[in-house]
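The chain contents come next:
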Amino acid sequence: MAWWLIAFAHGDLAPGEGGLVPCVTSIHSFSSAFLFSIEVQVTIGFGGRMVTEECPLAILILIVQNIVGLMINAIMLGCIFMKTAQAHRRAETLIFSKHAVIAIRHGRLCFMLRVGDLRKSMIISATIRMQVVRKTTSPEGEVVPLHQVDIPMENGVGGNSIFLVAPLIIYHVIDANSPLYDLAPSDLHHHQDLEIVVILEGVVETTGITTQARTSYLADEILWGQRFVPIVAEEDGRYSVDYSKFGNTIKVPTPLCTARQLDDDRSLLDALPLASARGPLRKRSVAVAKAKPKFSISPDVLS
């Protein structure tokens, strides 16, 4: 419409004006003005129509339409990219247990939580970090309301990297270097100024975009003397994951003392009726042993 109005105002549409230099050549009707607008918008340039230097307004309209066309292309590309990426949607499929637990593992008190991935596509270069956020006071009397301390986790791979092919129990050994060294069962109530933040980062396999999932555990969300139930079972050479029991825990014998007190008096651990760590061995046939186990999600979760 703008190009047609320019041609109409300049008299380019009037017949018999052979000596007049038009603003845009070869524009004789609204249809030809529309075709020229499309050529400018998508930078086709067939060559039959072009802007002359006769009308400065036509040159200005050409510049404005080029800028608007670039903005429309950028917005459409961004919308399509965000729709296909959906990094926040991918983060929603990374789940954490509702509660964290503290129990004995390998003869030491450990802080444990469970993390899992609901999708079949894997998270590449997944890393997990934990921090304790609590109110502290420095020796000089300065009050730090949100003091953050990193919590190291036990990982046989080394560092904070994890291989999230199945739900994992992430645990931290509460030793002398741990900020939870003096944490007692009586401290796990909602009045305790304590929060443990867990951050899981990784690269989405399908899009290559970095995604991040976060959660936190307050003091009353940490269960003392509990352990997560197993949810990975093997049947006919295939590993099946039952996500309906993802956050279920069971009570286990655990000393009702701090890790410091346990290190000072190991007899507290010896007095516990701990069950044997080894269960009955499950033998597999040679044919099953050669088969590559695969993971599948239990149908109860998908319902």
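Rules behind the numbers
- Residues numbered from 1 in each chain as written.
- Predicted model: local features only at pLDDT ≥ 70, side-chain atom pairs only at ≥ 80, totals over all residues.
- Heavy atoms only, no water.
- Helix = DSSP H or I, 4+ residues; strand = E, 2+ residues; numbered from the N terminus.
- Buried < 20%, exposed > 50% of the residue type's maximum accessible area, 1.4 Å probe, protein only.
- Contact = heavy atoms within 4.5 Å.
- Areas by Shrake-Rupley, 256 points an atom, 1.4 Å probe, with all protein chains shown as cover.
- pLDDT = per-residue confidence, 0-100.
- Phe/Tyr/Trp six-rings, centres within 6.5 Å; stacked < 30°, edge-to-face > 60°.
- Lys NZ or Arg CZ within 6 Å of the ring centre and 35° of its normal.
- Patch = residues over 30% accessible without salt bridge, like charges linked within 9 Å, V, L, I, M, F, W, Y side chains within 5 Å.
- Salt bridge = Lys/Arg side-chain N within 4 Å of Asp/Glu carboxyl O.
- UniProt positions renumbered as here; feature names shortened; annotations may be inferred.
- Pairing = 2+ DSSP bridges.
- Arc of directions from axis to C-beta.

Caption draft 1: Examining the overall build of the chain more closely. Within the chain, the secondary structure is distributed over 8 helices and 14 strands. Residue burial in the chain is summarised as follows: out of 303 residues, 32% are buried. Considering only intrachain contacts with a sequence separation of at least 6, the fraction spanning at least 24 residues in the chain is 63%. Here the chain displays about 18700 Å² of accessible surface, and carbon together with sulfur accounts for 59% of that area.

Caption draft 2: Here's a closer look at the confidence of the model for the chain. Put simply, the chain has an average pLDDT of 81, and 84% of its residues get 70 or more. Considering each helix and strand of the chain separately, the mean pLDDT is smallest for helix 7 (residues 286-290), with a value of 32, and largest for strand 9 (residues 222-224), with 93.

Caption draft 3: View of the packing of aromatic side chains. For the coordinates displayed, the defined rule picks out 3 aromatic pairs. Note that R105 overlies the ring of Y171, its terminal NZ or CZ placed 4.5 Å from the centroid. For the cation-ring pair, R114 lies above F246, with the distance from its terminal atom to the ring centre recorded as 6.0 Å.

Caption draft 4: Expanded view of a nonpolar patch on the surface. Together, M1, L5, F30, F34, L35, I38, V42, I44 and F46 line one region of the surface with nonpolar side chains, adding up to about 890 Å² of accessible area. Of all the elements, helix 2 (residues 30-41) adds the most residues to the nonpolar patch, at 4 residues.

Caption draft 5: The UniProt feature "transmembrane region" (unreviewed entry) in the chain, seen in detail. Per the UniProt record, "transmembrane region" (unreviewed entry) is found at residues 57-81. Taken end to end, residues 57-81 is 100% helix and 0% strand, and its two terminal C-alpha atoms sit 36 Å from one another.

Caption draft 6: Seen up close, unusual backbone geometry. If you check the backbone angles, H106 has positive phi at about 55° while not being a glycine. Summarising the element assignment, H106 is placed in the loop between strand 2 (100-105) and strand 3 (108-117). Although it is not a glycine, D236 sits at a positive phi angle of roughly 55°. One can find D236 in the loop between strand 11 (232-235) and strand 12 (238-241).

Caption draft 7: Summary view of the pairing of strand 3. Within strand 3, 9 of the 10 residues are buried, which leaves the element mostly enclosed by the surrounding structure. In sequence, strand 2 turns back onto strand 3 through a hairpin of 2 residues, with H106 there showing a positive phi of about 55°. In terms of strand pairing, strand 3 meets strand 6 (residues 168-173) through 6 bridges, oriented antiparallel. By the bridge assignment for strand 6, L113 is matched with I170.

Caption draft 8: Here's a closer look at helix 1 (residues 2-10). Taken as a whole, helix 1 has its buried residues at W3, I6 and A7. Along the axis of helix 1, the buried residues cluster in a sector spanning 95°; they form a single face. Opposite the buried face of helix 1, by more than 90 degrees, sit the exposed residues F8 and A9. Note on helix 1: the residue one or two positions beyond its end, G11, has a positive phi of about 85°.

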